[in-house]
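# Understanding the architecture of this molecule
These are the residues of each chain, in order.
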Amino acid sequence: RLVDLSFAGRQRERHPALGAISEARVGDPMMLVYEHNRWYMKDSNGRILGRMAKHFAPPPNTKFVSGEIAAILRWRKEDGDEAFYHILRRDAWEVIIPETVFETL
């Protein structure tokens, strides 16, 4: 519910996020960046690794301190809702699952 599981599945073949995801490893640092009204996960080079779910918001009265890649899942088209198959461009893709640390303000 926190991560947009089909983000990479919707991207065109040469989208930069697909390359960044394929190079990512569990334990790598990542950051959360708010752009275009959405939260994105980015690697230390500023490349997009994925997007948080539409309704994601950091805990109230906190700021993002650090993050790392906690897991990399293999997601398949059939794992999702059939109603959205028409927007997917691939049958399987990887999804970055973050571990994030927030500090109370």
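Presented here is a report on the structure given in the accompanying data block. (Residues numbered from 1 in each chain as written. Predicted model: local features only at pLDDT ≥ 70, side-chain atom pairs only at ≥ 80, totals over all residues. Heavy atoms only, no water.)

## Here we look at the side chain of R51
Looking at where R51 falls in the secondary structure, it is placed in strand β3 (residues 48-51). When near neighbours in sequence (up to four residues on either side) are disregarded, R51 contacts V3, D4, F7, R10, R38, W39, Y40 and M41. (Helix = DSSP H or I, 4+ residues; strand = E, 2+ residues; numbered from the N terminus. Contact = heavy atoms within 4.5 Å.)

## Focus: the packing of aromatic side chains
Counting across every chain of the model gives four aromatic pairs. Look at W39 and F56: their rings are 6.2 Å apart centre to centre, the planes differ by 85 degrees, and that puts the pair in the edge-to-face class. Of this pair, W39 sits in strand β2 (residues 38-42) while F56 sits in the loop between β3 and β4 (62-76), and the two are 17 residues apart along the sequence. Seen from their ring centres, F64 and F102 are 5.8 Å apart, and the 70 degrees between their planes marks the pair as edge-to-face. Of the two residues, F64 is situated in strand β4 and F102 in strand β5 (residues 92-104); the sequence distance between them amounts to 38 residues. For F64, a relative accessible area of 24% corresponds to the partly exposed category. What links up through ring pairs into an aromatic cluster is the set Y34, W39 and F56. (Phe/Tyr/Trp six-rings, centres within 6.5 Å; stacked < 30°, edge-to-face > 60°. Buried < 20%, exposed > 50% of the residue type's maximum accessible area, 1.4 Å probe, protein only.)

## Brief notes about the pairing of β2
Across the five residues of β2, four count as buried, placing the element largely inside the fold. Sheet analysis places strand β1 (residues 31-35) next to β2, joined by five bridges and oriented antiparallel. In the sheet register, M31 faces β2, and the bridge partner there is K42. A loop of two residues connects β1 with β2, the two strands running antiparallel in sequence, and H36 in this loop sits at a positive phi of about 55 degrees. For β2 and β3, the ladder comprises three bridges, and the chain directions are antiparallel. By the bridge assignment, M41 is partnered in β3 with G50. If you look at the hairpin formed by β2 and β3, you'll find five residues sitting between the two strands, and G46 has a positive phi there, around 80 degrees. (Pairing = 2+ DSSP bridges.)

Honestly, it's all geometry; don't read function into it.
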